[in-house]
2 protein chains.
Amino acid sequence: MPDFLFDKKLYYNPVEFAMDRIGGTWKMPILWRLKDRVMRYGELKKDIPHITHKMLTSQLRELEAEGFIDRKVYPVVPPKVEYSITERGLSAIPIIETIRNYGLQLMEEFNVNENH
Amino acid sequence: MPDFLFDKKLYYNPVEFAMDRIGGTWKMPILWRLKDRVMRYGELKKDIPHITHKMLTSQLRELEAEGFIDRKVYPVVPPKVEYSITERGLSAIPIIETIRNYGLQLMEEFNVNENH
DNA sequence: CTGGATCCGATTTGATACTG
DNA sequence: CAGTATCAAATCGGATCCAG
């Protein structure tokens with residue numbers, strides 16, 4: 001597998017390409033929440049623990065720019081913006097589930113419990 | 001899914017936990033190469049394009065510390081060190097394949113070809 | 001041959017202030 | 001309510017040097 005360029009960045013393999021699209025700390029949590037319903041900005045902000053305003057905004061912009069989510073602005077005051085998942089975003093859901101299940105398996109192996 | 005601590009770091013979900021173990025730019029390429037044979041440090045270095053000495057060393061250390069690979073040192077001069085995959089490392093291979101296939105699918109959708 | 005340590009620039013992220 | 005801009009802190013990664 002040779003290197004390839006996308007959006008001015010050099011990639012070394014398909015795994016790296018995929019993780020650049022839907023990886024990082026926040027993109028999967030966002031897609032996961034949008035998988036079966038439309039959500040407003042404020043809802044996402046409340047629903048995703050620890051995410052900062054800046055990170056939520058930037059990650060939503062990237063997901064939108066690459067076609068994983070749609071953004072619908074209602075011209076009202078105060079502003080209302082709804083985010084929804086696209087076909088492309090939906091196709092990522094099974095991958096997220098696979099990684100999530102693997103993570104749960106690893107957590108057992110490492111004796112990680114959710115009570116600290 | 002509540003937060004949990006592991007190795008002094010706070011995690012928000014199982015996906016994040018999994019990707020901290022086998023994610024990043026280099027861990028999957030390393031595991032992938034070790035999946036069906038033992039390799040020496042220099043072999044890995046030659047075989048993984050672009051990886052630097054520092055990154056290869058640090059990623060091998062982390063994978064070893066968390067039980068994904070074994071490190072065998074031969075007491076000879078000059079030094080000879082062999083890296084091999086463990087059971088835990090092998091269990092990551094199907095996940096890597098899944099992500100890889102998804103990456104290839106995305107690359108088609110984005111019209112990424114490997115000739116730049 | 002393998003690998004540790006250090007320096008330093010680049011990138012990422014959090015906090016904060018401001019806007020329509 | 002949703003979003004942008006700015007600055008500072010933290011993290012990451014590359015280059016380089018030294019060592020057994």
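Residues numbered from 1 in each chain as written. Chains lettered and ligands numbered in written order. Predicted model: local features only at pLDDT ≥ 70, side-chain atom pairs only at ≥ 80, totals over all residues. Heavy atoms only, no water.

- As annotated in an unreviewed UniProt entry, chain A is Transcriptional regulator, HxlR family from Algoriphagus ornithinivorans.

**A closer look at the interface of chain B and chain A**
And then number 1: The partner chain A presents 44 residues to the 44 residues of chain B that form the contact.
And then number 2: A buried area of about 4,000 Å², summed over both sides, lies between chain B and chain A, and 77% of it is on carbon and sulfur atoms.
And then number 3: Of all residues in chain B, B:Val15, B:Tyr102 and B:Phe110 give up the largest surface area on contact with chain A, accounting jointly for 15% of the area buried on that side.
And then number 4: Between the two partners, chain B and chain A, sit 2 salt bridges.
And then number 5: Here A:Glu109 makes a salt bridge to B:Arg88, at a shortest N to O gap of 2.6 Å. (Contact = heavy atoms within 4.5 Å. Buried area = accessible area lost by both parts, 1.4 Å probe. Salt bridge = Lys/Arg side-chain N within 4 Å of Asp/Glu carboxyl O.)

**Regarding the relation of the copies chain B and chain A**
And then number 1: When chain B is brought onto chain A, the operation consists of a screw motion whose angular component is 180° and whose axial shift is 0.0 Å, with 0.1 Å RMSD remaining. Both copies are brought into coincidence by an operation consistent with a two-fold rotation axis.
And then number 2: Mapped onto chain A, 100% of the interface residues of chain B are again interface residues, and the two copies thus contact each other with one and the same surface. (Least-squares fit on C-alpha atoms with pLDDT ≥ 70 in both.)

**Let's talk about the protein's contact with DNA strand C**
And then number 1: Close to DNA strand C lie 16 residues, the nearest being A:Lys54, A:Met55, B:Gly42, B:His53 and B:Arg71.
And then number 2: Listed by contribution, the elements that provide at least two residues to the surface near DNA strand C are α4 (53–65) of chain A together with α3 (41–47), α4 (53–65) and β5 (80–85) of chain B.
And then number 3: The greatest single-element share of the surface near DNA strand C, amounting to 4 residues, is contributed by α4(B).
And then number 4: For the surface near DNA strand C, the per-class residue count stands at 7 nonpolar, 4 polar and 5 charged. (Near = heavy atom within 4 Å. Helix = DSSP H or I, 4+ residues; strand = E, 2+ residues; numbered from the N terminus. Nonpolar A, V, L, I, M, F, W, Y, C, P; charged D, E, K, R; others polar.)

**Describing the protein's contact with DNA strand D**
And then number 1: A:Gly42, A:His53, A:Arg71, B:Lys54 and B:Pro79 are the nearest of the 16 residues found near DNA strand D.
And then number 2: Put simply, 49% of the atoms of DNA strand D that lie within 4 Å of the protein are in sugar or phosphate.
And then number 3: A:His53 is positioned with one of its side-chain polar atoms (N or O) 2.5 Å from a base nitrogen of DNA strand D.
And then number 4: A distance of 2.5 Å separates a phosphate oxygen of DNA strand D from a polar atom in the side chain of A:Arg71.
And then number 5: Broken down by secondary-structure element, the contributors of at least two residues to the surface near DNA strand D are α3 (41–47), α4 and β5 (80–85) of chain A together with α4 of chain B.
And then number 6: Counting residues per element, the surface near DNA strand D draws most heavily on α4(A), at 4 residues.
And then number 7: For the surface near DNA strand D, the per-class residue count stands at 7 nonpolar, 4 polar and 5 charged. (Polar contact = N/O pair within 3.5 Å; in protein donor to acceptor, adjacent residues only side chain to side chain.)

**Description of the sheet that holds β5(B)**
All names here are of chain B.
And then number 1: Spatial strand order, β3-β5-β4: 3 strands in an open sheet with antiparallel pairing. Looking at the sheet topology across the chains shown, the edges are occupied by β3 (39–40) and β4 (69–74).
And then number 2: Taken together, the 2 bridges between β3 and β5 define a ladder with antiparallel strand orientation. Counterpart to Met39 in the pairing with β5 is Tyr83. (Pairing = 2+ DSSP bridges.)

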